[in-house]
Amino acid sequence: MFFAKKFMLFHSLDFAFFLIIVFLIYWSLNKYLRIQNILILLASYVFYGWWSLKFLLLILFSTTLDYFISIAIYKIRSQNSTQRVGLSKDKAGLHLLILSIVINLGILGFFKYYNFFIENFVAILSILGIHLNISSLNIILPIGISFYTFQTMSYTIDVYRGKLEPARDFVAFAGFVSFFPQLVAGPIERANDLLNQFYHKRNFDEQNAIIGLRQILWGLFKKVVIADNCAEFANHIFGHYNELNGSTLLLGAVFFAFQIYGDFSGYADIAVGTARLLGFRLMQNFASPYFSRDVAEFWRRWHISLSSWFRDYVYIPLGGSRVSVNKRIRNIFIIFILSGLWHGANWTFIFWGLLNAIYIYIYSALLQNGHEKKMPIVAHDRNLPTFQELFKIVITFLLICLSWVFFRSDNMHQAIIYLRRIFSSSLFQAPTLHKSLAPLSYFFIFFLCIEWLGRKNSFALEEIGLDWKPVFRYILYATLVFLVIVFSEKGQEFIYFQF
Amino acid sequence: MKKFLIKVLGFSSVFILIISLFIHIGKMYYCNVEYPMWKSKKEFLVQAHDSKNLVIGDSRALAGILPNKIGNNFYNMALGGATPVEGYYTLRRYLEANRPQKIIISYAPFHLRSEETFYDRTLKFGYLTNADLWDFCQVVNQVKQTINGAKLESVYARYHYFLQYFLALNDVFYAFRTNLKKLFYEESGYLHNKDIYREITSQEGQHYFGTNPYFDDLNDEAKLKHFKDASIIINIYLRKLIELALDNNIRVYYINAPFNEASARALMVDFVADYNDYMQKLKNLYPQVDWHSDLHYYSNNCFGDRSHLNHYGSQIFSEYVSRIVSK
C-alpha cells in the first residue's frame, strides 16, 4: 500500500495527534533553527503524503524548479547590473520566468483544466461540423495544487522583479512552499512574509500560542458546527431545487453562503492558529466579509490572499485603475473571470466570476460616491450599524448569495433554473425545510453575535472573553470544544480542497 | 512553554473528566431506547429478593411473554439483543439473593449464532460486573474465540483498565455525539427513555417493540442458509445457563418464540435441519429440561415488526407459555 487515501483533515483525531507530536518536538529543538526547519519540511511532507505520495513528488518538482530558476534569474540580473550587458541578459531572465510560469501553469492546467478545455473544444468543433473523437481523461486533482502553484509563481515573479532575493536555503524554501498549516487551502502566502520567517529564530511566546489555540478553536467551531450543519440544508435544497419554492431556494443560497464562509474561513483560522503555535504569522484571509456594505468591499474582505495575488500579479500589471475607463472595466472583468476559473474548470465558476465583475462595474460606475469616506469596518466606533448601513449589508449579502448559486450549482442549467425559481411568485410563500432549523438557529445566533463583536479583529474570538473571569472564559472554551466534538462527524471535507 | 503546557493539560483534564463523568452518569440522556430496558433489568437484579421466576432470553421473549398473563410469579428478564452469555450472568447474580422455582429460556436461533450487541449494549451499558466480565474473558480465552472480531483480552483492557480508557474515549464520543444529536433534532431522548423505563418496570419487565397490526417482512433467520456456524461461546454459555439452573433445582423450560408466517415460509431447509440437529443434541444432553424449541409460526397479523409479536400476538403466545409452565 503506497498511497494512503485518507486526507489528514484539520478536524480529525489524526491531525490532533500529528500536531501535538510536531509541536512538542519542534519546541524541544528551539536552539536549532535549521533542524526546526527540517522538521517543518518533514512534517509538511508527512501531512501531504498521508493523502498521496505520488502527488507529493509533484510538490517537490515544483519546489525544485522554482528554487533553481529563481537563482538563475537572480544571477542573470546581478551580472546584468554589474556588467551592464544590456537587453539580451534581461531577455534570458524573462525567458526563465516564462519557462517557470509555463511549467507551473502547465501542470495546473493539465490536472485542473484539461478535461474542461477538451470537452469545450470538441463541442465547438462539432458545432462547426467537425467531429473529433477525443475522450476526456480520468484525472485526480492534486489537493491544494492551485494554492501552492500560485505561491511558488509569486515567488519567482518577485525574484524577477527584483523585489526579493532568491532563497539560498533549499530546506527553508521547500518549507515555505509546503508549510503544512496552509499547504492545501491557503492563505496563499508571499515569500516576503513567510519565507523570511524561516530564516529567523522563532521563540516560544505563550500569549501567541494561546491566541493560536483560540483561533484554532474558533475555526473548528465555524467549520464543524456552522458550515457542516448549513451543508445539510444547502445540500438538500440544491439537490431538490426542482421541487422547492422560491423562498426555500433563496434560503438554500443563504445556507450555502454560510457553509462556504464557515468552511473556508474556518480552515483559514485553523491554518493561521496552527502556524502561530509554531511561531509563524500568516496573513489574514477573511475580514468579516458578510458585514461589507458593497461588493467591492466584500472582495477586499473575502479570500484576501487570492484577491491581493490577482491585484498584484495581474490587475496592476494590466494598468490597474490608472488607465482609461474602458481598460479599467476590461481589467476588472479579466480579474474576476480568472478568479472564477481558478476555482474550477466549469462554466458555473466563470459565470460566478463574471457576475461579480458586473456587480463591481455597476457599483463603481453608477453607485459609488467618490467623496464618500469609508470607515475600515462597518460601525467602527459604534456597537450597532445605522439603518442605512444595515440596508447596504443586507443588499450586498443577497447579491453575493445570488452569485453563490452559480458557484454551488453543478452546471449552468441548474443555476439558471434555480435562479428562475427564486424570482417567481413562490418567493413569497413560506419556506419548506426538510428538518427543523431550531438547533442550528441557536448556534447561528451565537456565531453571528461573536462575529459581529469581533469584526474589528483578525478573527472573531481574538479578544472576546479576555476581560472575563477565567472560569467564565474556560466555560466558553469548554462549550466550544464540546460542540466541536459533538458535531465533528466523519467525512466532511473542506470545500476549498477541490480547488 | 511549561506554563502553557500545564494550562492546556489542566483544561483538557478537567474537560475530559467532566465528559467522562457525563458518559457514566448521563446515559439516560444520550443512549438509545435499549438502555432504559437494560438499566431496569440490571436494577431488578440488585434489588429483587422475592424469588420471582424468570424469563431469560432476547427481544422476542421480551416482547412476546407477558408475565401478568402467564402467572406463576414470573418476571421478564429478557434483554434486547442478548445471548445466553448475558442470560447466564443474569441467573448467576439473581441466585445470590433469590431462589426461583422456574425459569423460561427463550432465544431466537439468530441469537445462538452471534454476539451482535456485545459491545454496543452489554459492555457500553455496563450490564456485566467486573467479576462477570473477568469470568467471561477467562472462558473466551480458553476457547480462543473472538467476539465480533476482537480479542477479548483487549476488550477487557479497553473498557476496564484506566490507562486504556482514553483509547476507548473516541468510540464513546462518537456514540455520544450521534445520540446527543437526537436530543436536538428529535423528541427529547431523556424523556423518551424515562417513559420506556417506567413502562418496563410497571409491566414486570415486558416491552413491545413493533406495534403494527400486521407485518410480513422477513426476519433474520429467513435470510440464512445454514445454522452450522453457531457461536462456540454462546453454545458454552447456553449449557452453563441450563446447568446452573439445574444445579439449583430450578425447573427449566426452553420455549421458542414464533416467527411470522412470511419468514417461516421462507426458511431454508438446511437452516431448519441444522437448527433441529443442534437442538436435538441439547435435548439429549439435558433431558430434564422441558423443551419447546421447534421452529413454529403465527400469522402475520400477530407481528408488530418482522421479528417481534405485537399486542395481539403476545396475548396468544403468553397463553401458550402459560399452559406449559402451569402443568
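So, here is what we can say about the structure in this document. (Residues numbered from 1 in each chain as written. Chains lettered and ligands numbered in written order. Predicted model: local features only at pLDDT ≥ 70, side-chain atom pairs only at ≥ 80, totals over all residues. Heavy atoms only, no water.)

**Side note on the nonpolar core**
Membership of the largest hydrophobic core comes to 157 residues, with the highest contact counts inside it found for F47(A), Y48(A), Y290(A), W302(A) and W404(A). Among the elements that line this core, the one with the most residues is helix α9 (residues 246-277) of chain A, at 17 residues. Leaving out residues up to four positions away in the same chain, Y48(A) has contacts with F55(A), L56(A), I59(A), P142(A), I143(A), Y148(A), L183(A) and V184(A). Grouped together as the second largest cluster of nonpolar side chains are 86 residues, Y30(B), Y107(B), L224(B) and M279(B) included. (Core = buried A, V, L, I, M, F, W, Y, C linked by side-chain atoms within 4.5 Å. Buried < 20%, exposed > 50% of the residue type's maximum accessible area, 1.4 Å probe, protein only. Helix = DSSP H or I, 4+ residues; strand = E, 2+ residues; numbered from the N terminus. Contact = heavy atoms within 4.5 Å.)

**As for the packing of α9(A) against helix α15 (residues 412-422) of chain A**
All names here are of chain A. Running from N to C, α9 and α15 cross one another at 125°; their axes reach a closest spacing of 7 Å. As the angle between them shows, α9 and α15 are arranged oblique. Here α9 contributes G246, L249, L250, G252 and A253 to the contact with α15, which in turn contributes Y418, R421 and I422. Broken down by class, the residue content of the contact of α9 with α15 amounts to five nonpolar, two polar and one charged. (Axes fitted to C-alpha atoms, helices over the stretch in contact; angles between N-to-C directions. Parallel < 35°, antiparallel > 145°, perpendicular 65-115°, else oblique. Nonpolar A, V, L, I, M, F, W, Y, C, P; charged D, E, K, R; others polar.)

**Examining the pattern of salt bridges**
Residues and elements named next belong to chain B. For the coordinates displayed, the defined rule picks out 25 salt bridges over all chains. A salt bridge links K52 to E204, with the nearest nitrogen and oxygen atoms 2.4 Å apart. Residue K52 is located in the loop between α3 (34-47) and β1 (53-57), and its partner E204 is located in the loop between α11 (189-202) and α12 (232-247); the two are separated by 152 residues in the primary sequence. Classification of E204 by relative accessible area gives buried; the value is 19%. The residue D132 makes a salt bridge to R92 at a minimum N-O spacing of 3.4 Å. Placement of D132 in helix α8 (residues 130-143) and of R92 in helix α6 (residues 84-94) is noted, with a sequence separation of 40 residues between them. For R92, a relative accessible area of 25% translates into the label partly exposed. (Salt bridge = Lys/Arg side-chain N within 4 Å of Asp/Glu carboxyl O.)

**Quick word on the sheet that holds strand β4 (residues 251-255) of chain B**
Residues and elements named next belong to chain B. Ordered in space as β2-β1-β3-β4-β6, the five strands form an open sheet in which the pairing is parallel. Two strands bound the open sheet, and with one partner strand each, they are β2 (74-76) and β6 (290-292). When strand polarity is set aside, the average angle formed by the axes of neighbouring strands in this sheet is 20°. Taken together, the four bridges between β1 and strand β3 (residues 102-106) define a ladder with parallel strand orientation. For I56, the partnering residue across the bridge sits in β3 and is I105. (Pairing = 2+ DSSP bridges.)

**A closer look at the pairing of β3(B)**
Across the five residues that make up β3(B), a large majority, five, are buried. The alternating pattern of β3(B) places K102(B), I104(B) and S106(B) and I103(B) and I105(B) on opposite faces, both of which are buried.

**Looking at the environment of Y148(A)**
All names here are of chain A. Locating Y148 in the fold gives a position in helix α5 (residues 145-161). Placed 89 residues apart in sequence, Y148 and I59 show a C-alpha to C-alpha distance of 8.0 Å. Each residue touching Y148, except ones within four places of it in the same chain, is listed here: Y48, L58, I59, S62, I143, V177 and L183.

**Observations concerning the layout of surface pockets**
Residues and elements named next belong to chain A. In this model, the second largest pocket occupies a volume close to 610 Å³. The wall of the second largest pocket is formed by 20 residues, among which A296, W299, R300, Y315 and F336 lie closest to the centre. Contributing elements (two or more residues each) for the lining of the second largest pocket: α10 (295-301), α11 (304-315), α12 (325-343) and α13 (347-367). The element best represented in the lining of the second largest pocket is α11, accounting for seven residues. Taken together, the residues that form the lining of the second largest pocket break down as eleven nonpolar, six polar and three charged. (1 Å grid on protein atoms, 1.4 Å probe; cavity = no way out; pocket = protein on both sides within 12 Å on 5 of 7 lines; lining within 4 Å. Points joined across faces, edges and corners; volume = space filled by probe spheres on them.)

**A look at the packing of aromatic side chains**
One pass over the full model with this rule turns up 89 aromatic pairs over all chains. A centroid spacing of 6.0 Å and a plane angle of 70° characterise the contact between W38(B) and F125(B), whose relative ring orientation is edge-to-face. Placement of the pair is W38(B) in helix α3 and F125(B) in the loop between α7 (118-123) and α8, with a sequence separation of 87 residues. When the ring centre of F198(A) is taken as reference, the NZ or CZ atom of R202(A) above it lies at 5.8 Å. For the cation-ring pair, R93(B) lies above Y127(B), with the distance from its terminal atom to the ring centre recorded as 5.5 Å. (Phe/Tyr/Trp six-rings, centres within 6.5 Å; stacked < 30°, edge-to-face > 60°. Lys NZ or Arg CZ within 6 Å of the ring centre and 35° of its normal.)

Purely geometric stuff here, so don't read any function into it on its own.
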